[in-house]
Structure formats: C-alpha cells, structure tokens
Amino acid sequence: MSFLDECFPKVGEEKFLKSYWPERAVVNHGPMSRFLSLENIPELEDIEEFLKSCNRKGVNAQVDLPDKRDEHHRIENLNANDALKLFNLGMNLRIARVHDVIPSVREILRKLEHDLGLSEATGATSLVYISPKGKAAGMHWDANANFVVQILGKKKWRFAPNKSIKYPLRRYAVSMNGHDVSRWPVELPKKMPQESTNVILKPGSAMYLPRGWWHDTEGVEPSLSLNFTFTQIPFSEIMASVIRQRLNRHEQWRQLAFGMTGSHLNQRQKLEKTMNDLIQTFLGDIGTLKASDLINEFERSHGSVAGQDFKFRKEKGVTIDLNRTKAMVRFSSGNELAIDMSAELLTTISWISKQNGEFMFKDVCDATPHVSEPGVYRLLKKLEDAKILVEVK
Ligand SMILES: [Fe+2]
C-alpha cells in the first residue's frame with residue numbers, strides 16, 4: 001500500500017492522481033493506525049520527545065514570535081530545547097528536514113516524490129509544525145504543494161482555491177506589508193473567501209493542499225503535524241534551464257554582453273546588433289526542439305541517481321512481450337499485466353526483457369542512453385513495485 005493510499009483511503013492513490021493531484025485539495029479522516037509507514041516511531045508520540053530527539057541530532061527549530069506577523073517576525077535557528085520553552089509560552093514551531101531526525105520519513109518522502117511523478121530536481125522536504133492552542137498561521141498561500149498528516153492534537157484549517165492568481169511561484173501572506181503589484185497585478189482579498197472549507201484535523205487526518213490555495217490555521221489544542229512539501233517545477237523552468245545549457249555550449253552566446261550603460265552610443269548599437277544576430281540563429285534552432293529531448297536533458301542535468309549501485313533481476317517465470325505502446329507481462333502464476341509506456345521506455349523494457357541474469361542500473365542506462373538516468377530509475381522502481389523485477393541486495 002502506498003503512502004497516498006494510507007493518506008486518502010476513501011479516494012485511493014489512483015483516483016487521487018487522476019482527479020485531485022495537483023489541482024484539488026482533499027481531506028480524509030481516519031485512525032492513525034492505518035499509517036503503517038509511520039508505525040513505531042517513538043519520536044512522533046509526544047511533542048517533548050520529538051523536540052528532545054531533534055536536540056540530540058542537532059536539528060534546530062524556527063519559532064514564530066507572538067505577534068505572528070509572518071516571516072519577518074521569526075527566530076530562524078533555535079535549538080530545540082529552547083524552542084520547547086517558547087512553545088510552552090504559546091509560540092508556534094516549525095522543524096525543517098524531519099527526514100534527518102526520523103529515517104523512515106526519508107523513505108516516505110522519496111517514494112511520494114516518485115509516485116507524484118515529480119522530477120528529481122523538485123525541492124522535496126519534510127517538516128513538522130508544532131502549534132499551541134490559539135491562532136497558528138494567518139491567511140496566506142504557499143508556492144509549494146503540501147501533504148499534511150495530523151499526528152497529535154487538533155488543528156483547525158480554513159482553505160479555499162485562489163481565484164486571483166493561478167500557479168504562483170512565490171509565497172504570499174496578507175500580513176506582508178502591502179502587496180507588490182508588479183508581482184501580483186490584481187486586487188487580492190484580505191479575508192478568507194466565503195466559500196472556504198473549514199476542517200478540524202485530528203490525529204489520523206490527512207490533507208492535500210495544492211500550491212497557491214489560500215489558508216489559515218488555528219490550534220484547537222496543542223498539536224503536531226508531519227508535512228511533506230514539494231516545490232513545483234513549471235514548464236517555463238524546464239524550457240529556460242535546457243535552453244540556457246544549450247546556448248552556453250556556443251562561444252557566441254558566452255560572449256560578454258556589455259554596452260547596456262555608459263555614454264557610447266555605438267556600444268549600445270553593437271550590443272543590440274549582436275543580440276539580434278544571436279536571436280535569429282536561435283529562432284532557427286527553436287523549431288527543432290522536441291519535448292522528449294527537453295525533458296530528458298532537464299532530468300539528466302538535475303537528476304542525481306548516477307553512481308548508485310542498484311542491481312536487479314527478473315522475477316522467476318516472468319516474460320515480457322512488447323507491442324508499439326504496451327509491455328505485456330506474463331507471470332508464472334498465469335496472471336497478465338499490460339503496462340502503457342512511451343516509445344523511449346519501450347526500448348528500455350525491451351532490453352530488460354532479454355536479460356536472464358542479474359544486471360546493474362548502470363547497464364540499463366548504458367544500453368538505452370536516450371532515456372535519462374532518473375527516467376531509467378523510475379522505470380526500474382515501477383517494475384519492482386509490479387513484482388516484475390527484484391532488487392538484488
Ligand atoms: Fe502555509
């Protein structure tokens with residue numbers, strides 16, 4: 001059972017990915033015991049215990065000062081023992097990189113990133129929020145997508161879709177001193193929209209909140225929640241990053257661009273002429289860009305699975321046949337499975353289908369160099385989840 005199945009049992013992973021992710025919020029309540037992946041973690045049984053273990057591992061906390069005027073009024077890096085004292089005085093705490101404190105959280109984070117189909121370049125992290133009774137966070141939106149599991153105590157949330165700005169790339173809070181109209185060139189509300197959803201998260205509740213959605217929170221009682229957040233890499237980032245790399249391969253594009261300031265008119269004219277010539281060659285090249293090349297190049301330059309020593313073999317009795325869009329898998333039990341995949345990945349699975357012994361992750365990458373290493377890794381993990389491959393330890 002995946003972490004998404006554990007979080008949203010009434011929806012299930014498949015429907016969550018089809019109907020909610022990444023656009024719509026969802027909340028499921030239920031017993032904490034359904035989170036098998038969070039079983040036997042003593043650090044999460046008690047707020048004090050959690051902070052003590054943070055202290056032992058040298059992980060610090062961020063503390064919201066009592067006026068709660070957002071990020072301008074915080075203590076950024078306080079040791080967890082002192083943070084506990086401030087929590088007891090009524091302040092909110094935020095502990096980043098919880099996967100450094102609790103190893104099993106790292107595994108959940110890695111799998112969740114993979115199941116959500118996110119690039120290795122995504123900033124994926126885990127956080128714990130510890131809130132006393134009373135107001136916790138004023139109205140704001142975040143630029144990250146957030147998965148919340150309420151572990152201890154109750155916390156009230158109000159949330160609503162953002163009708164003013166879709167897919168924001170930066171966080172915004174109403175308490176920030178005025179809003180920057182050059183960044184957000186529309187009127188923004190100062191109160192939670194009337195159609196906002198009110199929900200009280202209690203131990204065992206799970207929530208997904210898309211990036212950009214308005215929300216505020218209030219502690220009903222002292223509480224602790226575990227959060228997984230993911231930065232959201234837009235199409236523009238893939239395009240800009242790959243184009244920058246491609247341009248920088250050419251000495252003409254690496255020339256110094258000068259002449260923007262200063263009083264020499266001919267320098268400015270020269271700058272514009274050179275830029276114009278470069279734009280013309282670029283416009284010629286841009287027509288040849290293919291989506292699959294851009295995505296592979298982006299992953300190749302941002303992914304970081306290279307060097308990992310994974311070794312796999314096919315499960316006994318598994319055969320794989322291919323047609324143009326599918327891999328047909330037959331298991332020794334007689335069961336069959338059809339997996340849809342892209343033409344690129346079909347060549348990778350074709351190579352895998354011919355292997356009878358053990359093979360290394362790197363062998364697959366070498367045999368199908370047109371697929372990025374993170375892409376190969378995701379395919380191998382998918383085949384492992386489907387019991388087609390086993391990882392040889
Ligand atoms: Fe938030």
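Predicted model only: the values in this text are computed from it and were never measured.

Enquirer: When you look at the nonpolar core in this model, what are you seeing that I'm missing?
Expert: One broad rule of soluble globular proteins: the nonpolar side chains tend to lie buried together. If you look at the biggest cluster of nonpolar residues, it comprises 54 residues, and the most contacted ones within it are Ala83, Leu93 and Val128. It is strand E7 (residues 145-152) that contributes the most residues to this core, 6 residues altogether. The residues touching Val128, leaving out its near neighbours within four places in the chain, are Phe50, Ile95, Val98, Leu224, Ser225 and Leu226. In terms of nonpolar packing, the next biggest core, distinct from the first, is built from 17 residues, Ala327, Val364, Val376 and Leu379 among them.

Enquirer: Which parts of the structure should I look at to understand the environment of Pro42?
Expert: Considering the arrangement of structural elements, one finds Pro42 in the loop between strand E1 (26-28) and helix H3 (47-56). C-alpha of Pro42 to C-alpha of Ala121: the two residues are 79 residues apart in sequence and 31 Å apart in space.

Enquirer: It is not clear to me how the domain arrangement of the protein should be interpreted in this structure. Could you clarify?
Expert: Under the domain assignment used here, the protein contains domain 1 (3-230), domain 2 (235-291) and domain 3 (303-391). The centre of domain 2, based on its C-alpha atoms, is set 40 Å off from the matching centre of domain 3.

Enquirer: Would you take a moment to explain the sheet that holds strand E15 (residues 319-322) for this structure?
Expert: Backbone-to-backbone hydrogen bonds pair the strands of a sheet. The strands run either parallel or antiparallel. Taken together, 3 strands build an open sheet; the order of strands is E15-E16-E17 and the sheet is antiparallel. Looking at strand neighbours, the two that pair on one side only are E15 and strand E17 (336-340), the edges of this open sheet. With direction set aside, neighbouring strand axes in the sheet form an average angle of 20°. Note: strand E16 (residues 326-330) against E17, 5 bridges, orientation antiparallel. Bridging across to E17, Ala327 finds its partner in Ile339. Sitting on the sheet, helix H10 (residues 343-353) touches E15 and E16, and the angle it makes with E15 is about 145°.

Enquirer: It is not clear to me how the pairing of strand E11 (residues 206-209) should be interpreted in this structure. Could you clarify?
Expert: The two faces of the sheet receive side chains in turn, since in a regular strand these alternate between them. Residues Ala206 and Tyr208 line one face of E11 and the alternating positions Met207 and Leu209 line the opposite face, and both faces are buried. Sheet analysis places E1 next to E11, joined by 3 bridges and oriented antiparallel. Considered in E11, the bridge of Asn28 is made with Ala206. The sheet contact formed by E7 and E11 spans 4 bridges and is antiparallel. Following the sheet pairing, Val149 is matched in E11 by Ala206.

Scoring rules and cut-offs
Residues numbered from 1 in each chain as written. Predicted model: local features only at pLDDT ≥ 70, side-chain atom pairs only at ≥ 80, totals over all residues. Core = buried A, V, L, I, M, F, W, Y, C linked by C-beta atoms within 7 Å. Buried ≥ 20, exposed ≤ 12 C-beta atoms within 10 Å, placed from the backbone. Helix = DSSP H or I, 4+ residues; strand = E, 2+ residues; numbered from the N terminus. Contact = placed C-beta atoms within 7 Å. Domains from an automatic or database assignment. Pairing = 2+ DSSP bridges. Axes fitted to C-alpha atoms, helices over the stretch in contact; angles between N-to-C directions.

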